[in-house]
Amino acid sequence: MRDPLKERLDEAFGFEITDESRRSIAQLSDDARATAQAAPTLRSRIGGRAVVALGVLGLLGAGAATAAVAAPAIFDWLSFTPDASTTIVYDESITCEVGFVVHPDFANNRNPEEAVAIAQEYLRTLDLDSLPLEEQLAADEKDAENPANIPGLLDIAPEGLAAAKVSRALSQLIMDGVYVDLAKHGHTAGVSLEGGVNCADGIADGTPE
Amino acid sequence: MSRAQDLRATRMNEAVALNGADLLAYFGRRVSPSEDAADLLGETLVTVWRRVADLPSDELRARMWMFGVARRVLANYNRGNRRRWELASKLRRELAAHPAEYASRVDHSDIWADVDALPGAQRELIVLVHGDGFTVTEAARVLSISASTARTRYATALKALQLAYSDGESSGIRL
């Protein structure tokens, strides 16, 4: 006879996906294939990480805390060309690579150009040092749902946890900032925001690979 | 497109047809709001299509490989790297209107609470086995841990859940 606990677990974790969602997955896969084929990794497109570090687009928040950093591996993972990118050093010990790109979202806004321009301008002119990072970190610390507060959930060595928390907080602040700024300009839809923040212990020396 | 590329694309389409909904459920169980699952699935699919040449030929290994990619996408999300994929907007809207949810209409809040109370590594193993349908050995491969570690971890988790039921101190699993 099957263990009743296991039976109960099977039942409790069964998940329902609607037929409509199943159909959308097939379309999503086709689009993902087109995206994958149209956007080779940034590294292969421009031929070297050092070029990525020194050459891409506008800076986001070029304040006193920013620093040149070699090898922004985040762009390899994300495989997009950011509208705005930079690095920031937090607490004199953690270096974060930041990159975001704004896409028009025609599905939710027939004329997304203005919203896209506003979001791009926000990202280009954003001063990372002005973001309430300490407050966000404190709020995250109190958030029981925050994966970083659930022991063992994140696949991160304990020594990397502080950097991971800064990544999460910074990412949240930037994304929230974009959408708040869009709302101030009367836009609730029209952009897809893609981006990442990758923080790690240490201060990069800016030496290209 | 070469014949080899055609073949790989066909195999990938088959793998997505077999595993796409399960991958969406994988994310649906683990993220909130549930529509974020659409973006995570989009990112996973872009990644697997980019790496289509690495897709294992065996069906089960292909499934585990795709879940391995999904696991890294989820870890990246949990570290703060968020993306909103335009290509996932349709699925995102569908999930916003009809959130992906647990299938059972029975109240399982007690057992969810007890599983939530497990250490993260044990909890993930329980959900991989009882939610995503992997055997303990397969789940070990998805998690990149040894099978013996997974077996020990799984047994410990079950023991803790059984204990939660028997001592009645936690939310209490009703069997």
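Predicted model only: the values in this text are computed from it and were never measured. (Residues numbered from 1 in each chain as written. Chains lettered and ligands numbered in written order. Predicted model: local features only at pLDDT ≥ 70, side-chain atom pairs only at ≥ 80, totals over all residues.)

> Describe in detail the overall build of chain B, supporting the description with residues and values.
Of the regular secondary structure elements, chain B holds eight helices and one strand. The order of α-helices and β-strands along chain B, N terminus first, is α-α-α-α-β-α-α-α-α. Sorting the 175 residues of chain B into buried and exposed places 46% on the buried side. In chain B, the share of contacts with a sequence separation of at least 24, taken over all contacts with a separation of at least 6, comes to 66%. (Helix = DSSP H or I, 4+ residues; strand = E, 2+ residues; numbered from the N terminus. Buried ≥ 20, exposed ≤ 12 C-beta atoms within 10 Å, placed from the backbone. Contact = placed C-beta atoms within 7 Å.)

> Can you lay out the pairing of strand β5 (residues 191-201) of chain A for me, pointing to particular residues and giving the numbers?
All names here are of chain A. The element β5 is largely enclosed, with a buried count of nine among its eleven residues. Note: strand β4 (residues 94-104) against β5, ten bridges, orientation antiparallel. In the sheet register, threonine 95 faces β5, and the bridge partner there is alanine 200. (Pairing = 2+ DSSP bridges.)

> Lay out the confidence of the model for chain A in plain terms, naming residues and giving numbers.
All names here are of chain A. Across chain A, the average pLDDT comes to 69, with 66% of residues at 70 or higher. Ranking the elements of chain A by mean pLDDT puts helix α4 (residues 49-55) last with 22 and helix α6 (residues 113-125) first with 88. Within the model, the stretch residues 39-72 combines pLDDT values under 50 with 84 contacts to residues more than four positions away or in other chains. With pLDDT under 50 throughout, residues 205-209 is counted as low confidence; its partners more than four residues away or in other chains account for 13 contacts. (pLDDT = per-residue confidence, 0-100.)

> Can you break down the packing of helix α3 (residues 59-78) of chain B against helix α7 (residues 136-143) of chain B residue by residue, with the values?
All names here are of chain B. At their nearest, the axes of α3 and α7 sit 8 Å apart, and the two run at 45° to each other. Put simply, α3 runs oblique to α7. In the packing of α3 onto α7, the handedness of the crossing is right-handed. Here Met64, Phe67, Gly68 and Arg71 of α3 lie close against α7, whose contacting residues are Glu138, Arg141 and Val142. (Axes fitted to C-alpha atoms, helices over the stretch in contact; angles between N-to-C directions. Parallel < 35°, antiparallel > 145°, perpendicular 65-115°, else oblique. Left-handed = near helix turned anticlockwise from the far one by under 90°.)

> Mind laying out the packing of helix α6 (residues 120-130) of chain B against α7 of chain B, listing which residues take part and the relevant values?
All names here are of chain B. Where α6 contacts α7, the two axes come as close as 9 Å, and the packing angle between them is 125°. Between α6 and α7, the crossing angle belongs to the class labelled oblique. Both α6 and α7 take part in a crossing whose hand is right-handed. Only Val136, Ala139, Val142 and Leu143 of α7 make contact with α6, whose side of the interface consists of Glu124, Leu125, Leu128 and Val129. When grouped by side-chain class, the residues that make up the contact of α6 with α7 number seven nonpolar, no polar and one charged. (Nonpolar A, V, L, I, M, F, W, Y, C, P; charged D, E, K, R; others polar.)

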